[in-house]
Amino acid sequence: MFTLFRRRSLAAYVYGHVLNSHKVHTSTAPLLQETGLYGFNHLKTPKGFRRFVEDAIERSNELVTFISGMPSAPEIIGAMDEISDTVCSVIDSAELCRATHPDREFVEEASEASLRINEYIHHLNTNHCLYMAVVKAEQDSHLLNEEAQRVAHHLRLDLEKAGIHLPSEQLDRANQLNMEIVQLCREFNENIINDPGHMDIFPASHIPKKLHHLARPIYRTTSGAFGGSAWSMTNMKEKGFRLPTDPNTLSSILQWVSDAEIRKTAYIQGNSAPLGNLGVLDKLIAARHEFAQSLQKFDIISNALFWMHMQIMGHSSYADLAVHSSMASSPDVVLSFLLEMSEIVRPRADEEFKTIWNFKRERSGQLYGDLEPWDETYFTAIMKSAAYDLDSSVVASFFPLSQCLEGLKVLAESLFGVTFHHIPLAPGESWHPDVIKVALHHPDEGDLGYLYLDLKSRKNKHPVCAHFAIKGGRRLSETDYQLPIVALVCNFLGSKPASLLNHWEVETLFHEFGHALHSLLSRTDYQHFSGTRVVIDFAETPSNLFQYYAWDFRILKTFARHYSTGDVIPEDLVKSMRGAKDMFSGTELQRQIFYALIDQKLFGEEASSMRDTASLVAELKRQHTSWKHVDGTHWHTRFGHLASYGAATCMPNALLQQYGKRFVKRIRSH
């Protein structure tokens, strides 16, 4: 969904509201007087979300009235940015609350607030006075600086993408579809949280001890016999384990459980939940497709005078609408790139598949058995360990969570000359005892922004690793700048002792921290372009680059120390980790291409004639991966990117289109 007042990229949400402003080049310590969530005084109680919405609407209406008077171009753009800042502070604080807050009442009030403010946002996005004011500001571009000119241009395009050009009846339908899309995306994500699936395993001895902390003990009654002059039966209690099959736990089961039948059960159960999302996704695809096509259905002649400034757009699919404003610019470009990459990587992925299959045959002694999807994680882990003498528990021993955070601080200081220091949380500001707050500080410029860290997994927390921007940066005056405030949310299980992270979790932490730095270091006059508010196929670039530091020994040696001995991680171990990472790189690249193709195809031109999503995904897997599809499974119903990205999962890859030939040659050379 495209709207004027809400734009997001995956795992990076950009918001804004003036909690407090700061003088440029100064640092101020927050007061420890009672406040509400994230520093918003409204949010001291769950019902505070209601007043939060009302005040945002009241202030925005005042600004709409001001803009309708057609003031100067700079005043129009400044007021539009303040409206965006005001309403986004509500909706995006609500989204963070819904994803992380343990109090159900807070979550429910945040959900209601999100719906109310979304309805108001659709009202704003179809306000003709606002549109004409933005057109006027863009025409008077000589009165604007370069950034303001870009803001005016993008505001106009966003209004047009919301359907402002449509006749009233069709505009009402577009608004209805937009609200349906919001609600369906919410339902899709809530189902992922509420229905992760589970499996019951008996006896308990079938589950390795290293997974016991993920499981809940359960018992069943069995019949047993005891000796004597005559046999008689008695009831006995047998212990087992119930394990959820959310993505993190499922990955651990598939890696560590040697029993193939248990892995099979876990794979099928985990990739068959949530069942309800099959229907939700069908509705979401239909709504997005109708919305995209509705933008071209109007009588251009009867509207010619009013819309003479407008770039009329027609979109054959939602993918066309979503990709249009990106650097890739067209689904045809994206699909061409993905299909070419799929063809190039196939031989290497097939070779890796045969290598894994042969290893399974040798290890199991089953010369004619098939290689199943639930075998991949288990056997590739063993092969990596054997080839490079790797033990994941040994690797994890060098990555206590607290040390990883110190490493991020060292890296930020060495790259940007900035430091992080802890900030005490005011009463009411936090949503869980695990949350900590830090300030990003520069010796010359003062505090640059604030970061909340909520990194540990817990019940009812959304299973997402993401960067949420609570407030975007923007210039308030010549001397005042609104500092960005963001939250970094992860779901690390953290094995004991010392909350040790697996290295893939370290890589994820670095990736999300890259998003956070992007927001915190950004300095724009308007929050419309603050931080990650860039074209979607560039938004992931800083974070993807940042995660490579998690593999660089020069960086790792500054913080990766054994949790008990304090020894620095050996360089040979890091080399082994990197070697293991590259062992099945063809398979991994093939998987990412498959994910992107799912997103493009589900929201592409075929959407109107699609028979069912499960069949399409199964067909794509057979065509573009080396692995079989398991009938009855529907992994994509827990693929949250389908809701949050919507035809843009491929965007980080699409950036490579600009360097395609060089990249292709490199793949072929390997």
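Cut-offs used in this document
In this convention, every chain numbers its residues from 1, walking through the sequence in written order. Local features are withheld for residues below a pLDDT of 70 in this predicted model, meaning they are given only at 70 or higher, and side-chain atom pairs are given and counted only at 80 or more; totals for whole chains, interfaces and linings count all residues. Think of the side-chain values as coming from all heavy atoms in the structure, minus any hydrogens and water. We count a stretch as a helix when DSSP gives it H or I for four or more residues in a row; a strand needs E for two or more, and each element gets its number in order from the N terminus. Each residue is assigned to one of three classes by its accessible area relative to the maximum for its type, calculated with a 1.4 Å probe on protein chains only: buried under 20%, partly exposed between the two thresholds, exposed over 50%. We call two residues in contact whenever any of their non-hydrogen atoms come within 4.5 Å of each other. Every accessible area reported is derived by Shrake-Rupley at a probe size of 1.4 Å, with residue values counting cover from the shown protein chains alone. Any two strands between which DSSP finds at least two bridges are classified as paired. We count a salt bridge whenever a side-chain nitrogen from Lys or Arg sits within 4 Å of a carboxyl oxygen from Asp or Glu. Throughout, nonpolar core names a set of buried Ala, Val, Leu, Ile, Met, Phe, Trp, Tyr and Cys residues whose side chains join them through atoms within 4.5 Å. One confidence number per residue, pLDDT, is output by the predictor and ranges from 0 to 100. Residues adjacent in sequence count toward polar contacts only when both atoms are side-chain atoms; beyond that, a polar contact is any pair of N or O atoms within 3.5 Å, and within protein one must be able to donate a hydrogen and the other to accept it. Orientation is described by lines fitted to C-alpha atoms, with helices fitted over the stretch in contact, and by angles between N-to-C directions that extend from 0 to 180 degrees. Each angle gets one of four labels, with under 35 degrees taken as roughly parallel, over 145 as roughly antiparallel, 65 to 115 as roughly perpendicular, and the rest as oblique. When the near helix sits turned anticlockwise from the far one by under a right angle, the crossing is termed left-handed; a clockwise turn instead gives a right-handed crossing. Think of it as three bins: nonpolar holds Ala, Val, Leu, Ile, Met, Phe, Trp, Tyr, Cys and Pro, charged holds Asp, Glu, Lys and Arg, and polar takes everything else, Gly as well. Between rings of Phe, Tyr and Trp, where Trp is taken as its six-membered ring, a pair exists when centres lie within 6.5 Å; planes separated by under 30 degrees are stacked, by over 60 edge-to-face, and by other angles tilted. Multiplying 1.5 Å by the residue count of a helix minus one yields the expected span of that helix.

## Side note on the overall build of the protein
Part 1: Counting its regular elements, the protein contains 24 helices and 13 strands.
Part 2: Residues counted as buried form 54% of the 670 residues belonging to the protein.
Part 3: Looking at the protein alone, contacts between residues at least 24 apart form 75% of all its contacts between residues at least 6 apart.
Part 4: For the protein, the exposed surface amounts to about 29000 Å²; the carbon and sulfur share of it is 52%.

## A few points about the pairing of strand E9 (residues 446-456)
Part 1: Counting buried residues in E9 gives ten out of eleven residues, a clear majority hidden from the surface.
Part 2: Pairing analysis gives seven bridges linking strand E8 (residues 436-442) to E9, with the strands arranged antiparallel. Counterpart to His442 in the pairing with E9 is Gly446.
Part 3: Of the pairings in the sheet, the one linking E9 to strand E13 (residues 485-492) comprises six bridges and is parallel in character.

## Thoughts on the pattern of salt bridges
Pairs can form between side chains of opposite charge once their charged atoms are near each other.
Part 1: What the rule picks out here adds up to 32 salt bridges.
Part 2: A salt bridge links Glu190 to Arg98; its shortest N-O distance comes to 2.9 Å. Here Glu190, found in helix H6 (residues 168-194), pairs with Arg98, found in helix H2 (residues 73-100); they are 92 residues apart in sequence, far enough to count as distant.
Part 3: Linking Glu290 and Arg173 is a salt bridge whose minimum nitrogen-to-oxygen distance equals 2.9 Å. Here the residue Glu290 occupies a position in helix H9 (residues 277-294), and Arg173 occupies one in helix H6, the gap between them amounting to 117 residues.
Part 4: Connected via shared salt-bridge partners are Glu95, Arg98, Arg186 and Glu190.

## Quick look at the nonpolar core
Part 1: Counting residues in hydrophobic clusters, the biggest one holds 62 residues, and the most contacted among them are Tyr38, Phe49, Ile67, Ile77, Ile117, Tyr452 and Ile470.
Part 2: Elements that contribute at least two residues to this core include exactly helix H1 (48-68), H2, helix H3 (104-125), helix H4 (128-139), helix H5 (146-161), E9, strand E10 (466-471) and E13.
Part 3: Counting 44 residues, the second largest nonpolar core, distinct from the first, contains Cys404, Val486, Leu573 and Met577.

## Focus on the environment of Val394
Part 1: Residue position: Val394 is located in helix H13 (residues 392-396).
Part 2: Once the C-alpha coordinates of Val394 and His562 are considered, the two residues, 168 residues apart in sequence, prove to be 9.0 Å apart.

## Here we look at the confidence of the model for the protein
Part 1: Mean pLDDT over the protein stands at 87; residues scoring 70 or higher make up 87%.
Part 2: Between the elements of the protein, mean pLDDT differs from a low of 30, seen in strand E2 (residues 12-13), to a high of 98, seen in H1.
Part 3: Between residues 298-312, whose pLDDT stays under 50, and residues either more than four places distant or in other chains, the model counts 23 contacts.
Part 4: Between residues 651-670, whose pLDDT stays under 50, and residues either more than four places distant or in other chains, the model counts 32 contacts.

## Digging into the environment of Leu214
Part 1: By secondary structure assignment, the location of Leu214 is in the loop between strand E4 (198-201) and strand E5 (216-226).
Part 2: We classify Leu214 as buried; its relative accessible area is 13%.
Part 3: Here Leu214 is in contact with Pro244, Thr249, Ser252 and Leu493, once residues within four sequence places are set aside.

## Considerations on the side chain of His467
Part 1: Inspection of the secondary structure puts His467 in strand E10.
Part 2: You can call His467 buried: its relative accessible area is 0%.
Part 3: Polar contacts involving the side chain of His467 include one to the side chain of Ser519, which spans 3.0 Å.

## Details of the environment of Pro424
Part 1: Topologically, Pro424 is positioned in the loop between strand E7 (419-422) and E8.
Part 2: Taking the C-alpha atoms as reference points, Pro424 and Leu32, separated by 392 residues in sequence, lie 7.5 Å from one another.
Part 3: Excluding residues within four positions of it along the chain, Pro424 makes contact with Leu32 and Glu429.

## Focus: unusual backbone geometry
Part 1: The linkage connecting Phe202 with the following residue, Pro203, adopts the cis geometry, with an omega of -10 degrees.
Part 2: You can see Pro203 is positioned in the loop between E4 and E5.
Part 3: A positive phi is found at Ser329, a non-glycine position, where the angle reads about 75 degrees.
Part 4: Within the element layout of this structure, Ser329 appears in the loop between helix H10 (318-324) and helix H11 (331-364).
Part 5: For Ala647, which is not a glycine, the phi torsion comes out positive at approximately 70 degrees.
Part 6: Relative to the helices and strands, Ala647 resides in the loop between helix H22 (641-644) and helix H23 (651-654).
Part 7: Take Ala647: its relative accessible area is 0%, and that puts it in the buried class.

## Observations concerning the packing of H11 against helix H20 (residues 585-602)
Part 1: Two numbers describe how H11 lies on H20: the axes approach to 8 Å, and their chain directions differ by 150 degrees. Our classification of the angle between H11 and H20 gives roughly antiparallel. Between H11 and H20 lies a crossing whose hand is left-handed. Between H11 and H20, the contacting residues are Pro331, Val334, Leu335, Leu338, Leu339, Met341, Ser342, Val345, Arg346, Arg348, Ala349 and Glu352 on the first element and Ser585, Gly586, Thr587, Leu589, Gln590, Ile593, Ala596, Leu597, Gln600 and Lys601 on the second.
Part 2: Across the contact of H11 with H20, the residue classes break down as twelve nonpolar, six polar and four charged.

## Here's the deal with the packing of aromatic side chains
For any two aromatic rings, the description comes down to two numbers: the centre-to-centre distance and the angle of the planes.
Part 1: Scanning the entire structure with this criterion turns up 20 aromatic pairs.
Part 2: Arranged with centres 5.8 Å apart and planes meeting at 70 degrees, the rings of Phe353 and Trp357 form a pair that is edge-to-face. With Phe353 and Trp357 both in helix H11, this residue pair falls four residues apart, about one helical turn.
Part 3: A relative accessible area of 13% means that Phe353 is categorised as buried.
Part 4: Residue Trp357 is classed as partly exposed on the basis of its relative accessible area of 23%.
Part 5: Measuring from centroid to centroid gives 5.5 Å for Phe420 and Phe513, while their planes differ by 50 degrees, and the two rings are tilted.

## With respect to H4
Part 1: The end-to-end C-alpha distance of H4 is 16 Å, a good match for the 16 Å that twelve residues give at a rise of 1.5 Å each.
Part 2: Buried within H4 are the following residues: Leu130, Tyr131, Ala133, Val134, Val135 and Ala137.
Part 3: Those residues of H4 hidden inside the fold are in contact with H1, H2, H3 and H5.
Part 4: If you check the start of H4, you find a side-chain oxygen 2.9 Å away from the backbone N of Cys129, and it comes from Asn127.

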